[in-house]
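These are the residues of each chain, in order.
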Amino acid sequence: VEDFEAALERIDDPDRRALIEELLERHRRIRDEERDFVVEPTLHFTFRYDGSREGLSDGVDRLKVLLEDTYQEFGERFGRRPVEAGEGRIEVILYDAEGFDSVTGLGDWAGGVFDGKIRVPVEDLRSELRFARVKSVLRHETAHAFSHSIGGAAVPSWLNEGVAQWLEEPARRESAVEIARAKLGASALFPLSRLDGNLVGWEDWAEVARAYDQALALVDHLSVQYGADLVFSMIAACREGGVGGAAEHFRERTLVELDAVLGDLADTLYR
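The structure contained in this document is the topic of the report that follows. Since this is a predicted model, take the numbers as computed values, not measurements. (Residues numbered from 1 in each chain as written. Predicted model: local features only at pLDDT ≥ 70, side-chain atom pairs only at ≥ 80, totals over all residues. Heavy atoms only, no water.)

Turning our attention to the pattern of salt bridges. Inspection of the entire model under this criterion finds 21 salt bridges. Salt bridges sharing common partners tie together R26, E34, D115 and R119. (Salt bridge = Lys/Arg side-chain N within 4 Å of Asp/Glu carboxyl O.)

Taking burial as the measure, the five residues of strand β2 (residues 45-49) include four buried ones, the bulk of the element. In textbook terms, the turn of a hairpin is the stretch between consecutive antiparallel strands, and for strand β1 (residues 38-41) and β2 this stretch comprises three residues. Bridge count between β2 and strand β3 (residues 90-95): four bridges; the pairing is parallel. Following the sheet pairing, R48 is matched in β3 by I93. As for the winding sense of the linkage, the β-α-β connection from β2 through helix α3 (residues 57-78) to β3 is left-handed. (Buried < 20%, exposed > 50% of the residue type's maximum accessible area, 1.4 Å probe, protein only. Helix = DSSP H or I, 4+ residues; strand = E, 2+ residues; numbered from the N terminus. Pairing = 2+ DSSP bridges. Right-handed = clockwise from strand over helix to strand, strands pointing away.)

Below, the discussion takes up the packing of α3 against helix α5 (residues 128-151). As a packed pair, α3 and α5 sit with axes 10 Å apart at the nearest point and diverge in direction by 35 degrees. Relative to α5, α3 is oriented so that their crossing is right-handed. Residues G59, R62, L63, L66, L67, T70, Y71, E73, F74, G75 and F78 of α3 form the contact with α5, whose own contacting residues are E128, F131, V134, K135, L138, R139, T142, A143, F146, S147 and I150. (Axes fitted to C-alpha atoms, helices over the stretch in contact; angles between N-to-C directions. Left-handed = near helix turned anticlockwise from the far one by under 90°. Contact = heavy atoms within 4.5 Å.)

What follows is about the packing of helix α8 (residues 205-226) against helix α9 (residues 228-241). Running from amino to carboxyl end, α8 crosses α9 at an angle of 125 degrees, the nearest separation of the two axes being 6 Å. Classified by the interaxial angle, the pair formed by α8 and α9 is oblique. Facing V219, L222, S223 and Y226 of α8, the residues of α9 in contact are A228, L230, V231 and M234. Its residues placed into classes, the contact of α8 with α9 shows seven nonpolar, one polar and no charged. (Parallel < 35°, antiparallel > 145°, perpendicular 65-115°, else oblique. Nonpolar A, V, L, I, M, F, W, Y, C, P; charged D, E, K, R; others polar.)

Assignment of secondary structure puts G99 in helix α4 (residues 97-104). Take G99: its relative accessible area is 1%, and that puts it in the buried class. Residues G99 and P82, spaced 17 residues apart in sequence, show a C-alpha to C-alpha distance of 28 Å.

On to the layout of surface pockets, then. What the largest pocket holds in volume is close to 1400 Å³. H140, E141, H144, E161 and Y212 are the residues nearest the centre of the largest pocket, which is lined by 45 residues in total. Looking at the lining of the largest pocket, the elements with two or more residues in it are β4 (113-114), α5, α6 (157-168), α7 (173-184) and α8. Broken down by element, the residue count for the lining of the largest pocket peaks at nine residues, all from α5. For the lining of the largest pocket, the residue count by class is 20 nonpolar, 14 polar and 11 charged. (1 Å grid on protein atoms, 1.4 Å probe; cavity = no way out; pocket = protein on both sides within 12 Å on 5 of 7 lines; lining within 4 Å. Points joined across faces, edges and corners; volume = space filled by probe spheres on them.)

On to helix α11 (residues 258-270). A rise of 1.5 Å per residue sets the reference length of α11, with its 13 residues, at 18 Å; its end C-alpha atoms lie 19 Å apart and thus fit the reference within 8%. Within α11, the full set of buried residues consists of L258, V261, L262, L265, A266 and L269. Axial view of α11: buried residues confined to an arc of 150 degrees, hence all on one face. Elements in contact with the buried residues of α11: α6, α7, α8, α9 and α10 (245-254). (Expected span 1.5 Å × (residues − 1). Arc of directions from axis to C-beta.)

A word on the packing of aromatic side chains. Applying the stated criterion across every chain, the model contains 11 aromatic pairs. With centroids separated by 4.8 Å and ring planes inclined at 80 degrees, the aromatic side chains of F78 and F232 adopt a geometry described as edge-to-face. Residue F78 is found in helix α3, and its partner F232 is found in helix α9; the two are separated by 154 residues along the sequence. Taken individually, F78 and F232 each receive the classification buried, so the pair is uniform in this respect. Plain terms: the ring middles of Y226 and F250 are 5.0 Å apart, the flat faces sit at 80 degrees to each other, and that makes the pair edge-to-face. With Y226 in helix α8 and F250 in helix α10, this pair connects stretches of sequence that are 24 residues apart. Looking at Y226, the relative accessible area reads 32%, which means it is partly exposed. Here a set of aromatic residues connected by ring pairs shows up, and it is made of F45, Y71, F74, F78, F146, W166 and F232. Above the ring of F131, the side-chain terminus of R62 is found at 3.8 Å from the ring centroid. In this structure, R194 packs its charged tip against the face of W202, placed 4.3 Å from the ring centre. (Phe/Tyr/Trp six-rings, centres within 6.5 Å; stacked < 30°, edge-to-face > 60°. Lys NZ or Arg CZ within 6 Å of the ring centre and 35° of its normal.)

Now the structure itself:
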């Protein structure tokens, strides 16, 4: 906040000032919301939350164990461990619904977000149902943290979101994929080029839901037909190759175009 305030004193360009004012306002909201949060580090994560809220502390202790196990699992999957690579602990910040909306502007439709830090709305962790929901969200957002670490900011959304969903609940992965496939069966798939960018900016929520379903179904299809290791190496290829790096890496490894694989997926859905 102090850095942005100082910058405003030195910058006259109206466009740059508008951007800095927007960032300043967001960081003021974050500062105010997290002012009294407790900070509890683990080996690979730093948890921040309001320690005065009932129903959180015991659940957070369980989440710490869960995420440390998840970190080791994902380290094997992605072939990289961010903390050991020198990137620092992954931050996990737990808000109430109002605080999450204030900081992210996403409202209560989003289960969580990764913007360099994992931010999740949590009302109560005493209920096993709610704990299980937060567990799935944290695994999803941790997958985004790993994808960003290995592939950078250019990992296409269909791959990023598809892998995050695919890793959410291994025990229920098969049923989740079948549900996604069933919902996709009524209309044509999106071209992959449309699913490269951030899905958050889409205005049609029905299309957003279909985009997520398609991402999960395609990642699962790739994993079954070509192996999960190739899917994760496609993420790594985006570090040097940008958003097109995944498709190029897939082509080099298989001599097959990704659009052809999308057509194969469509054939399995509509036959």
